[in-house]
Amino acid sequence: MKKVVFVDSQSQGTFHEIFNLSFLLIMSQSYDQVEYIASPSSIENLKKKINDSPDISIKNVDFKSVFVPRGELSYHIFIRKLFGAFTILRCILKYRKREKIILSSLNEFSTLYLNTVSKFCKVSIQIICHGELEYLLKEQIPFFKPLRWYKKMISMFFNHSINENISFLLLGKSIKNNLTQFFPNHQNKFSYINHPYFFQK
């Protein structure tokens with residue numbers, strides 16, 4: 001039985017709801033069992049979307065909630081990212097026997113341990129990359145800005161060897177091409193899909 005775990009350590013409420021719902025449908029059709037881990041509000045919103053859509057029938061998804069700090073200010077986001085890194089680590093250790101673990105985004109703090117943990121656990125980890133890669137394009141970020149440290153962590157991660165168990169799913173061919181230009185040594189780890197959408201009739 002093919003089992004996959006999807007970990008969303010960032011979303012609250014309707015954040016990324018279209019992508020999350022669309023990707024949930026893709027996973028439910030590709031695997032025998034899906035364990036979907038996210039904040040209670042994100043899960044509640046997804047379930048409502050599913051219930052309100054008669055064309056959607058998902059029977060093989062097990063929703064499990066985790067705490068995700070709220071807030072939209074810079075320090076709220078910093079705390080959410082830091083807490084999310086611990087959530088991801090806990091999930092990798094707990095679900096390491098699954099076929100694959102998919103992370104909904106590249107958590108900057110998790111880059112500090114992903115190589116070591118993936119090597120130790122020998123689990124396939126696929127990371128979906130969203131807007132966090134835009135940090136790489138920004139220049140002259142003030143020292144006190146968290147964005148400066150997010151960029152530094154991502155740059156350090158990609159500028160070093162990445163464990164064979166880690167791969168990246170990019171949302172669009174152009175993003176894959178741009179990232180390949182930045183880090184040609186890792187191009188075999190990059191794959192892409194067009195951004196999935198769910199359209200209601």
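Overview of the structure. Small disclaimer: the values here were computed from a predicted structure and weren't measured.

Parameters and conventions
Residues numbered from 1 in each chain as written. Predicted model: local features only at pLDDT ≥ 70, side-chain atom pairs only at ≥ 80, totals over all residues. Heavy atoms only, no water. Pairing = 2+ DSSP bridges. Helix = DSSP H or I, 4+ residues; strand = E, 2+ residues; numbered from the N terminus. Axes fitted to C-alpha atoms, helices over the stretch in contact; angles between N-to-C directions. Parallel < 35°, antiparallel > 145°, perpendicular 65-115°, else oblique. Left-handed = near helix turned anticlockwise from the far one by under 90°. Contact = heavy atoms within 4.5 Å. Buried < 20%, exposed > 50% of the residue type's maximum accessible area, 1.4 Å probe, protein only. Right-handed = clockwise from strand over helix to strand, strands pointing away. Core = buried A, V, L, I, M, F, W, Y, C linked by side-chain atoms within 4.5 Å. Patch = residues over 30% accessible without salt bridge, like charges linked within 9 Å, V, L, I, M, F, W, Y side chains within 5 Å. Areas by Shrake-Rupley, 256 points an atom, 1.4 Å probe, with all protein chains shown as cover. Salt bridge = Lys/Arg side-chain N within 4 Å of Asp/Glu carboxyl O.

### Considerations on the sheet that holds strand β3 (residues 61-65)
- As summarised here, the arrangement of the 7 strands in space is β3-β2-β1-β4-β5-β6-β7, forming an open sheet in which the pairing is parallel. Looking at strand neighbours, the two that pair on one side only are β3 and β7 (190-193), the edges of this open sheet. Adjacent strand axes in the sheet meet at a mean angle of 20 degrees when their direction is disregarded.
- Strand direction decides the pairing type here: strand β2 (residues 33-38) and β3, joined by 5 bridges, are parallel. Bridge assignment links Y36 to a residue of β3, and that residue is F63.

### Re the packing of helix α1 (residues 17-30) against helix α2 (residues 40-51)
- At a closest axis distance of 10 Å, the pairing of α1 and α2 adopts a crossing angle of 65 degrees. One element, α1, and the other, α2, form an angle in the roughly perpendicular class. The element α1 and its partner α2 pack so that their crossing is right-handed. Contacts between α1 and α2 involve E17, N20, L21 and L24 from the former and S42, N45, L46, K49 and I50 from the latter.

### Structural notes on the pairing of β2
- Counting buried residues along β2, 5 of its 6 residues qualify, which places the element largely inside the surrounding structure.
- Where strand β1 (residues 3-7) meets β2, 5 bridges bridge the pair, whose relative direction is parallel. Each residue of the ladder has a partner; that of V7, found in β2, is I37.
- With α2 bridging β2 and its parallel neighbour β3, the resulting β-α-β unit is right-handed.

### Considering the nonpolar core
- Counting 35 residues, the largest nonpolar core has I92, L114, F158 and F168 as its most contacted members.
- Put simply, the parts of the chain that give this core at least two residues each are β1, α3 (74-94), β4 (100-103), α4 (114-121), β5 (125-129), α5 (146-158) and β6 (166-171).
- Those residues in contact with I92, other than ones at most four positions away along the chain, are I101, L114, V117, C121, V123 and I125.
- Formed by 22 residues, the second largest nonpolar core is a distinct cluster that contains L25, Y31, A38 and I128.

### Some thoughts on a nonpolar patch on the surface
- On the surface, a nonpolar cluster with roughly 600 Å² of combined accessible area is contributed by L73, Y75, F78, I79, L82 and F86.
- For Y75, a relative accessible area of 51% corresponds to the exposed category.

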